[in-house]
Amino acid sequence: MTTDLSDHPPFRYPDYRSTIKRSPDMKMIEIIRTLTEETGPGPIVADLSSEDADLTTNAGTGAAAIGERIIVTGKVLDTYGGPLPKTLIEIWQANASGRYTHWRETEFPAPLDPNFLGAGQCLTDDEGIYRFTTIKPGPYPWGNHANAWRPSHIHLSLLGPRVRSRLVTQMYFEGDPLLALDPIFNAVPEHSRSRMVARYDHQVTVPNWALGWRWDIVLEG
Amino acid sequence: MIGPTPSQTVGPYFTMKLSNNNVLIGPAVEGEPIRIEGRVFDGDGAFVEDALVEIWQADAAGEYAVSAGAGTAKFTGFGRAESDPTTGTYWFETIKPGRVPDPEGELQAPHVSVIVQARGMLRPVFTRLYFSDEMEANDADLILRMVPPERRSTLLASVARVEDRKVYQFDVRLQGDEETVFFDF
């Protein structure tokens, strides 16, 4: 089965400048699937992984991270709508100020938080449900164009049951005014952009503790 | 059918979480230990300093570790490597994969499934690494035969040197004259 690629951004999207030299020119060659393509690393990697799903405390300092505490939850599904249990989700993100805990230099003078690493992982349960607790990431500037700012986002990586299930994406927050200005978000065809946006869900919000966001993830394969 | 979640770039900060997990071998793993190394190049021929390279391969018997059965598989077949920011080199210590059957019942040539992502890539590219010292098997390989002959060499890893094991070099060219063959499936 050849997957319809129109739900995804193109390789080359000149408004996101770095794509210009890092995008293939030649057409992908369509192949049939062999056992290599019908399998994938998701199940075995999940077997060997454990949860580390509270980013507000996993720096191990004994003190809590600073910022707006949130819960993000939802289901991981296949394209038939079936749940994908025991799936590993790896996440990384900026802190509340918009700074990453990373060795790369940044000219953005926002503080690091010694109590926030910004990385974690969770596993889906039998119903495909995942849940993690974190700090709402702050927006930050980047060098793509004049006065460019990335909207608040969380990076996610999923392996899934087949090679083609591999998904790296970014989760955004409903109502963020920076979404309309972001070329990475807007590189995705208009009809599927909303699939990257988490909705505020008061049912998920835990009283006197954390605001709740709901977002489902659909893997191909 | 419901629509898939769209792909987004892995960005420049992925090593906060997706860091090297590139030694697949251990004392209990059977097979011929090999090293795979290479670089990813952009359309200007400059190496990509922040690439993420992942592999999925069969064990020496040609079987995939699809389920660990309580996490006991000795060889997962999955590896993840980041390019070195200074040299651009990624590497894996693994074993040479065995031959995996194709849907027609023939044996495929030994190969490794390779997924490459980077900042500036909104989607991953999928390719396959074949071994240049397996030409007889390569010539008969069902998938390799779907590739125009003049482009097949972009999928061949060659022995760059021999240390205590063979070191295969596999460079990926995202764009340009020698663009690597990428697959859709």
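Refer to the structure printed above.
The model shown is predicted, which means the values in this text are computed figures rather than measured ones.

## Section: the overall build of chain A
For step 1, the next point in the chain: What chain A contains, in helices and strands, is 4 helices and 12 strands.
For step 2, the next point in the chain: Against the 2.2 N^0.38 benchmark of 17 Å for 221 residues, chain A shows a C-alpha radius of gyration of 18 Å, consistent with a compact globule.
For step 3, the next point in the chain: Considering only C-alpha atoms, chain A reaches an extent of 50 × 45 × 35 Å along its principal axes.
For step 4, the next point in the chain: The contacts in chain A between residues at least 6 apart in sequence include a share of 69% that link residues at least 24 apart.
For step 5, the next point in the chain: Element-wise, carbon and sulfur atoms account for 54% of the exposed surface of chain A, whose accessible area totals about 9,700 Å².
For step 6, the next point in the chain: A distance of 4 Å separates the average location of the 21 positive side-chain charges in chain A from that of its 27 negative side-chain charges.

## Section: the interface of chain A and chain B
For step 1, the next point in the chain: Chain A puts 83 residues into the contact, and the matching count from chain B is 71 residues.
For step 2, the next point in the chain: Together chain A and chain B conceal approximately 6,900 Å² of surface at their shared face, both sides included; 63% is due to carbon and sulfur atoms.
For step 3, the next point in the chain: The interface formed by chain A and chain B holds 6 salt bridges in total.
For step 4, the next point in the chain: Salt-bridge contacts for Asp44 of chain B lead to Lys21 of chain A; the nearest nitrogen and oxygen are separated by 3.1 Å.

## Overview of the pairing of strand β1 (residues 33-41) of chain B
Residue and element names in this part refer to chain B.
For step 1, the next point in the chain: Within β1, 7 of the 9 residues are buried, leaving the element largely enclosed by the surrounding structure.
For step 2, the next point in the chain: Of the strand pairs in this sheet, β1 and strand β4 (residues 89-95) are connected by 7 bridges, and their pairing is antiparallel. Counterpart to Pro33 in the pairing with β4 is Ile95.
For step 3, the next point in the chain: Alignment of β1 against strand β8 (residues 166-169), held across 4 bridges, turns out to be parallel. Directly across from Arg35, in β8, lies its bridge partner Val167.
For step 4, the next point in the chain: Here 2 bridges tie β1 to strand β9 (residues 172-173), and the two strands are oriented parallel to one another. Note on β9: the bridge partner recorded for Phe41 is Arg173.

## Section: the side chain of His153 of chain A
All names here are of chain A.
For step 1, the next point in the chain: Of note, His153 is situated in strand β8 (residues 153-158).
For step 2, the next point in the chain: Only 3.3 Å separates the side chain of His153 from the side chain of Tyr140, close enough to count as a polar contact.
For step 3, the next point in the chain: A polar side-chain atom of His153 sits 3.1 Å from a polar atom in the side chain of His155.
For step 4, the next point in the chain: When sequence neighbours within four positions are dropped, the list of residues in contact with His153 reads Gln93, Tyr100, Pro137, Tyr140, Gln170, Met171, Tyr172 and Phe173.

## Let's talk about the packing of aromatic side chains
For step 1, the next point in the chain: Per the stated rule, a full pass over the model turns up 12 aromatic pairs over all chains.
For step 2, the next point in the chain: Aromatic side chains Tyr100 of chain A and Tyr13 of chain B sit 4.0 Å apart centroid to centroid with 15° between the ring planes, which places their arrangement in the stacked category. Here the residue Tyr100 of chain A occupies a position in the loop between β3 (88-93) and β4 (119-123), and Tyr13 of chain B occupies one in the segment before β1, the pair thus bridging two chains.
For step 3, the next point in the chain: The exposure class of Tyr100 of chain A is buried, given its relative accessible area of 5%.

## Side note on the pairing of strand β2 (residues 51-56) of chain B
Residues and elements named next belong to chain B.
For step 1, the next point in the chain: Of all 6 residues in β2, 6 are buried; the element is thus mostly enclosed.
For step 2, the next point in the chain: What you see with β2 is no split at all: Ala51, Val53 and Ile55 on one side and Leu52, Glu54 and Trp56 on the other are buried throughout.
For step 3, the next point in the chain: Here β2 runs beside strand β5 (residues 111-118); their pairing, made up of 6 bridges, is antiparallel. Bridge pairing in β5 links Ile55 to Val114.

Cut-off values and rules
Residues numbered from 1 in each chain as written. Chains lettered and ligands numbered in written order. Predicted model: local features only at pLDDT ≥ 70, side-chain atom pairs only at ≥ 80, totals over all residues. Heavy atoms only, no water. Helix = DSSP H or I, 4+ residues; strand = E, 2+ residues; numbered from the N terminus. Rg over C-alpha atoms; globule rule 2.2 N^0.38 Å. Contact = heavy atoms within 4.5 Å. Areas by Shrake-Rupley, 256 points an atom, 1.4 Å probe, with all protein chains shown as cover. Lys, Arg positive; Asp, Glu negative; His and termini not counted. Charge placed at Lys NZ, Arg CZ, Asp CG, Glu CD. Buried area = accessible area lost by both parts, 1.4 Å probe. Salt bridge = Lys/Arg side-chain N within 4 Å of Asp/Glu carboxyl O. Buried < 20%, exposed > 50% of the residue type's maximum accessible area, 1.4 Å probe, protein only. Pairing = 2+ DSSP bridges. Polar contact = N/O pair within 3.5 Å; in protein donor to acceptor, adjacent residues only side chain to side chain. Phe/Tyr/Trp six-rings, centres within 6.5 Å; stacked < 30°, edge-to-face > 60°.

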